[in-house]
Amino acid sequence: MHEVDQKLIEVYLDRIWAERGLSQNTLDSYRRDLESFAKWLQKASINLSSAEPYNLQSYLAFRFSNNYSPRSTSRALSCLRGFYRWGVRDRMLEADPTVLLENPKLGKSLPKTLTEKDVEKLLNEPNVDIPIELRDKAMLEVLYGAGLRVSELVGLDLNQINLRQGVVRTFGKGSKERLVPLGEEAIFWVEQYIRKARPELTGGLANDALFLSNRRTHMTRQTFWYRIKEYAKRSEIRAAISPHVLRHAFATHLLNHGADLRVVQLLLGHSDLSTTQIYTHIARQRLKDLHSQHHPRG
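Notes on the structure in this doc start here. What you see is a predicted model; the values in this text were computed from it and never measured. (Residues numbered from 1 in each chain as written. Predicted model: local features only at pLDDT ≥ 70, side-chain atom pairs only at ≥ 80, totals over all residues. Heavy atoms only, no water.)

**Regarding the pattern of salt bridges**
Which entries qualify depends on this criterion: What makes a salt bridge here is a side-chain nitrogen of Lys or Arg within 4 Å of a carboxyl oxygen of Asp or Glu, nothing more. Three labels apply to residues, based on accessible area from a 1.4 Å probe with only protein chains included: buried if under 20% of the type maximum, exposed if over 50%, partly exposed otherwise in between. Secondary structure elements follow DSSP: runs of H or I no shorter than four residues count as helices, runs of E no shorter than two count as strands, and numbering proceeds from the N terminus.
Enumeration over the complete set of coordinates arrives at 15 salt bridges. The shortest N-O distance in the salt bridge between Arg89 and Asp90 comes to 2.8 Å. Exposure remark for Asp90: the relative accessible area of 25% places this residue in the partly exposed category. We note a salt bridge from Glu133 to Arg234, for which the minimum N-O separation is 3.1 Å. You can see Glu133 sitting in helix α6 (residues 131–146) and its partner Arg234 sitting in helix α9 (residues 221–234), a full 101 residues away along the chain. Among the charged side chains, a network of salt bridges with common partners joins Arg15, Glu19, Arg89 and Asp90.

**Thoughts on the nonpolar core**
Here is the rule we go by: In plain words, nonpolar cores are sets of buried Ala, Val, Leu, Ile, Met, Phe, Trp, Tyr and Cys residues tied together by side-chain atoms within 4.5 Å. What makes two residues a contact is simply this: any of their non-hydrogen atoms within 4.5 Å.
Core analysis: the largest hydrophobic core is formed by 45 residues, its most contacted members being Leu122, Leu153, Tyr193, Phe211 and Phe224. Mapped onto this core, the elements with two or more residues apiece are α5 (116–123), α6, α7 (150–154), α8 (184–202), α9, α10 (243–256) and α11 (261–268). For Phe211, the contacting residues outside a window of four places in its chain are Arg135, Ala138, Met139, Val142, Leu153, Leu156, Val190, Tyr193, Thr217, His218 and Met219.

**Some thoughts on the environment of Ala95**
Relative to the assigned elements, Ala95 resides in the loop between α4 (70–89) and α5. Placed 46 residues apart in sequence, Ala95 and Ser49 show a C-alpha to C-alpha distance of 8.2 Å. Ignoring sequence-local partners within four residues, the contact set of Ala95 consists of Tyr84 and Val88.

**Side note on helix α2 (residues 24–42)**
Using the following cut-off: In this analysis, the expected span of each helix is defined as 1.5 Å times one less than the number of residues it contains.
Counted at 1.5 Å a residue, the expected span for α2 with its 19 residues is 27 Å, and the 26 Å between its end C-alpha atoms agrees. Residues of α2 that are buried: Leu27, Ser29, Tyr30, Asp33, Leu34, Glu35, Phe37, Ala38, Trp40 and Leu41. Buried residues along α2 sit in contact with α1 (3–20), α3 (53–65) and α4.

**Quick look at the packing of aromatic side chains**
Stated precisely, the cut-off is as follows: Aromatic pairing here means that ring centres of Phe, Tyr or Trp (its six-membered ring) are within 6.5 Å. Orientation follows from the plane angle: under 30 degrees is stacked, over 60 is edge-to-face, and everything else is tilted.
The tally for this structure, following the rule as stated, stands at 12 aromatic pairs. With a centroid separation of 5.4 Å and 85° between ring planes, the pair formed by Tyr12 and Phe83 is classed as edge-to-face. Of this pair, Tyr12 sits in helix α1 while Phe83 sits in helix α4, and the two are 71 residues apart along the sequence. In this structure, Tyr12 and Phe83 share a single accessibility class: buried.

**Some remarks on the packing of α6 against α9**
How we decide: Here the axes come from fitting lines to C-alpha atoms, over the contacting stretch only for helices, and the angles between their N-to-C directions go from 0 to 180 degrees. An angle below 35 degrees is read as roughly parallel, one above 145 as roughly antiparallel, one from 65 to 115 as roughly perpendicular, and any other as oblique.
Remark: α6 packs on α9, axes separated minimally by 11 Å, with the N-to-C direction vectors making an angle of 95°. Comparing the axis directions of α6 and α9 gives the class roughly perpendicular. For the pair α6 and α9, contact is made by Ile132, Glu133, Arg135, Asp136, Met139, Leu140 and Leu143 and by Phe224, Arg227, Ile228, Tyr231 and Arg234, respectively.

**A few points about the sheet that holds strand β1 (residues 161–162)**
Paired through backbone hydrogen bonds, the strands of a sheet run either parallel or antiparallel to each other. The test is simple: Whether two strands pair depends on DSSP finding at least two bridges between them.
Pairing is antiparallel across the open sheet formed by three strands, whose spatial order is β1-β2-β3. Across the chains shown, the open sheet's two edge strands, defined by having one partner strand only, are β1 and β3 (177–181). As paired elements, strand β2 (residues 167–171) and β3 share five bridges and run antiparallel to each other. Note on β3: the bridge partner recorded for Thr170 is Arg178.

**Description of α5**
Residues spaced three or four apart along an α-helix point in a common direction, a consequence of the helix completing one turn every 3.6 residues. Note the threshold: Picture the helix axis, draw a direction to every C-beta atom, and the arc is the one those directions span.
Among the residues of α5, Asp118, Val119, Leu122 and Leu123 are the ones counted as buried. Buried residues along α5 cover an arc of 130° about the axis, so they all sit on one side. Of the surrounding elements, those touching the buried residues of α5 are α6, α9 and α10.

This is a description of form; function is not addressed.
Okay, structure coming up:
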């Protein structure tokens, strides 16, 4: 990749971080999309500042022919739009080659979720007599009980959870703060973890992280994902599973039991209600399934 492209990307990422307070995960995603396009251009000896509309069209065609998903291509194009708009606005670039491009059409894909029975099996799988598995039990209960993103869960510090009031204070996308209530089960198992397992994991040393890894630091998202998959395997759950699937299950099960959509929006930390509305399709399908199964005319 051209050195001038690399510098331009870094300046842009620094600027949008300062202006919009984006998370590191989002910035990394933007960097990957921009660098991917820059490297593709380099094959034709072109850099980001000299790209023409036909270069963008060729790049989109390249992604399509190589079976990139429409959703990831749409996200990459959105990133490039932002980059070129910024470049023109701040007079870093002369023209925006994305102006006339249309976004790929996206079909509505429903998020994967779990049945309440599968969630029960998963949450009951850890052996709470083992300190590490007691930690995992508490993490699973908080993840499902509060609907946190996995990055929010593994990044929790002790001062972000108030067991007496039954709330957790977390920082979502764009560092937006929200208070999320914890259920009785989550509160109970976090108390058990703090009292019985956490002292052993700290090794007697002071540590601010709530859920500690074997290295006495915050657990990584990848490690927690591995732990969940192991419990799913042990409990013989066949459905695809990940920390995010449990977040989807949290939202879907709330709606199935009559929760208001706007309440779910607040709990999930969605800035736009349309993001939350995707779960109503799952809840509606569940009602149809129940009707066809139990109604005499179903």
